[in-house]
Number of protein chains: 2
Amino acid sequence: MELSAYLPFWKQLTAAQQERLQHAAVLRSASAGTLLTQGTGDCIGLLVIRSGQLRGFLTSPEGREITVYRLLERDICLFSASCMMQNIQFDLSIQVEKDAVFWVIPPDLYKKLMAESAPVANYTNQLMASRFSEVMWLLEQILWKSQDKRLAAFLLEESALEDSQELRITHEKIAGHLGTAREVVTRMLRYLQSEGMVELARGTIRLTAPDRLRQLAGEDAC
Amino acid sequence: MELSAYLPFWKQLTAAQQERLQHAAVLRSASAGTLLTQGTGDCIGLLVIRSGQLRGFLTSPEGREITVYRLLERDICLFSASCMMQNIQFDLSIQVEKDAVFWVIPPDLYKKLMAESAPVANYTNQLMASRFSEVMWLLEQILWKSQDKRLAAFLLEESALEDSQELRITHEKIAGHLGTAREVVTRMLRYLQSEGMVELARGTIRLTAPDRLRQLAGEDAC
């Protein structure tokens, strides 16, 4: 599929704008683990994801991480081009989670498009509103939910993303998603195992009672 | 001052757009304590603040509150009109903190302006980016900072907003800003008092060593 199919505003651009965009966008690929940007200082451009999975995360002064959101096929990564937006004052890093192919749109070009075209500006607004909603969700999770509920929700999300009940993920990695320490994750996983909700083996976590995990995560209450 | 002086995009509107906006905007006043919106279901419109102070806050299922950001003179409140934006999926409430006078711009009208005018859409983008940055800041505070540091930072912010070293605020209210329990605030304030940084009296908190509070808040490190 062409870049145009991923940009809902494409048909509202002029022929000249379409050509500029087509010409400037570069198709890139990166393997799982690659760090695409480290903080907003790295302004590489908008990323339009054709395949794979990215994550946006924050890092504490001590090097602890927390995943703020994930980006899948057809998502557009805005904060890898945050230099083009005034008023963005935070340092989000972007990492490839699953081998990814994506277009990179240069920030200057996109900024110019936004200034010229109300549809592009409004679409960018919608993108930001989506990310904003995800961050507000996370904030509420951290504020009002206990860690075991957040862990249950994370395991269910992973299971949906991987389309599998058996997750190959380390406790360390989970800690980096949830913004906590590895020991805390290990302790909580053992608790979930003792409750019969998961089965732990070397390097894997099997969800044995997803319904009960869902109940713990409080998803039916939402 | 006129509404036009508060909207940076004013001169980029057509005469017809200016007239529509002027005509539809209503000047309102509300006294401290008034709840303007309760969750995003209440979509009253964009608020352009002429004087006073508002706060946006989240509420837990159990009724606990946390202040997400504050809005002062010349600020524009976007999330009191979140029905006009797709993809906004969180429930922020807006309350008057200090007697306020503000214009209300109907959401339908503003939405139409955004669709017509790239400058309006881009300005709205900037507004959202500012609020986004504030929420990310808060998220990092909650994740990586201890409660006493957050309390010290809050006391300094209040002191700056009130232009006074003596704050008239209850422990209950501080808890509602920080998203914690009253008892926790009282305990921390007593600790700050024992360290000589504040003096507590009935209904007031006096900052006796702002420099040391600043040090505790870690502001020099930022």
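The present account deals with the structure reproduced in this document. (Residues numbered from 1 in each chain as written. Chains lettered and ligands numbered in written order. Predicted model: local features only at pLDDT ≥ 70, side-chain atom pairs only at ≥ 80, totals over all residues. Heavy atoms only, no water.)

1. Side note on the relation of the copies chain B and chain A
Definition in use: The copies are overlaid by a least-squares fit using only the C-alpha atoms of residues whose pLDDT is at least 70 in both copies. Any two residues whose heavy atoms approach within 4.5 Å at even a single point are treated as in contact.
Of the two same-sequence chains, chain B is brought onto chain A (RMSD 0.0 Å, axial shift 0.0 Å) by a rotation of 180°. A rotation of that kind, with that shift, is consistent with a two-fold axis. Scanning chain B for the C-alpha nearest the rotation axis identifies Ala118(B), at a separation of 2.0 Å. Of all interface residues in chain B, 100% are interface residues in chain A too; the two copies therefore contact each other through one and the same surface.

2. Some points on the sheet that holds strand 9 (residues 204-207) of chain A
All names here are of chain A. Here is the rule we go by: For two strands to be treated as a pair, DSSP must find at least two bridges joining them. Only DSSP runs of H or I reaching four residues or more are called helices, and only runs of E reaching two or more are called strands; each is numbered from the N terminus. Axes, fitted as lines to C-alpha atoms, cover a helix only where it is in contact. Angles between the N-to-C directions of the axes lie from 0 to 180 degrees.
One open sheet holds the three strands; their spatial order is 7-9-8, and the pairing between them is antiparallel. At either end of the open sheet lies a strand with only one pairing partner, and these are strand 7 (166-168) and strand 8 (198-201). With direction set aside, neighbouring strand axes in the sheet form an average angle of 20°. Examined bridge by bridge, strand 7 and strand 9 share three bridges and lie antiparallel to one another. Note on strand 9: the bridge partner recorded for arginine 168 is threonine 204. Strands in contact with helix 6 (residues 182-194) are strand 8 and strand 9; relative to strand 8, the strand with the most contacts, it is inclined by about 125°.

3. Quick word on the packing of aromatic side chains
What characterises a pair of aromatic rings is the spacing of the ring centres plus the angle enclosed by the ring planes. Residues and elements named next belong to chain B. Stated formally: Pairing of aromatic side chains here covers Phe, Tyr and the six-membered ring of Trp, requires ring centres within 6.5 Å, and sorts the geometry by plane angle: under 30 degrees stacked, over 60 edge-to-face, intermediate tilted. Cation placement over rings: the criterion is NZ of Lys or CZ of Arg within 6 Å of the ring centroid and within 35° of the ring normal.
Counted under the stated rule, the structure contains 13 aromatic pairs over all chains. Relative to phenylalanine 90, the ring of phenylalanine 79 has its centre 5.2 Å away and its plane inclined at 70°; by these criteria the two rings are edge-to-face. You can see phenylalanine 79 sitting in the loop between strand 5 (76-77) and strand 6 (93-105) and its partner phenylalanine 90 sitting in the loop between strand 5 and strand 6, a full 11 residues away along the chain. Above the plane of the ring of phenylalanine 57 lies arginine 55, whose end atom (NZ or CZ) is 4.1 Å from the centre.

4. Concerning the interface of chain B and chain A
What counts here: Put simply, buried area is the surface a 1.4 Å probe can reach on two separate parts but cannot reach once they are joined, added for both. Just to be clear on terms, a salt bridge is a Lys or Arg side-chain nitrogen sitting within 4 Å of an Asp or Glu carboxyl oxygen. Pairs of N or O atoms are called polar contacts if they sit within 3.5 Å, as long as, within protein, a hydrogen donor faces a hydrogen acceptor (for residues adjacent in sequence, only side-chain-to-side-chain pairs).
Every contact between the two is made by 40 residues of chain B and, on the other side, 40 residues of chain A. Taken together, the two surfaces of chain B and chain A that pack against each other cover about 3,400 Å², and 72% of this comes from carbon and sulfur. In terms of surface lost to chain A, no three residues of chain B exceed Phe132(B), Met136(B) and Trp144(B), which account for 21% of the buried area on that side. Joining chain B to chain A, the criterion identifies zero salt bridges. At the junction of chain B and chain A, the tally comes to 12 residue pairs in polar contact (both at pLDDT 80 or more). Contributing elements (two or more residues each) for the side of chain B that touches chain A: strand 3 (46-59), strand 4 (65-71), helix 2 (107-116) and helix 3 (118-144) of chain B.

5. Let's talk about the packing of helix 4 (residues 147-162) of chain B against helix 5 (residues 171-178) of chain B
Packed helices, taken two at a time, are described by the angle their axes make and the gap between the axes. All names here are of chain B. Under the convention used in this document: Here the word oblique covers every angle except those under 35 degrees (roughly parallel), over 145 (roughly antiparallel) and from 65 to 115 (roughly perpendicular). Gly is placed with the polar residues, together with every amino acid not listed as nonpolar (Ala, Val, Leu, Ile, Met, Phe, Trp, Tyr, Cys and Pro) or charged (Asp, Glu, Lys and Arg).
In the contact formed by helix 4 and helix 5, the axes pass within 11 Å of each other and the chain directions differ by 110°. With respect to helix 5, the axis of helix 4 lies roughly perpendicular. For the pair helix 4 and helix 5, the contacting residues are Arg150, Leu151, Phe154 and Leu155 in the first and Ile174, His177 and Leu178 in the second. In terms of residue class, the contact of helix 4 with helix 5 is built from five nonpolar, one polar and one charged.

6. Looking at the environment of Leu151(A)
Residue and element names in this part refer to chain A. In this fold, leucine 151 is placed in helix 4 (residues 147-162). When the C-alpha positions of leucine 151 and leucine 189 are compared, they lie 8.3 Å apart, and in sequence the two are 38 residues distant. Discounting chain neighbours no more than four positions away, the residues touching leucine 151 are Ile174, Leu178, Val185, Met188, Leu189 and Leu192.

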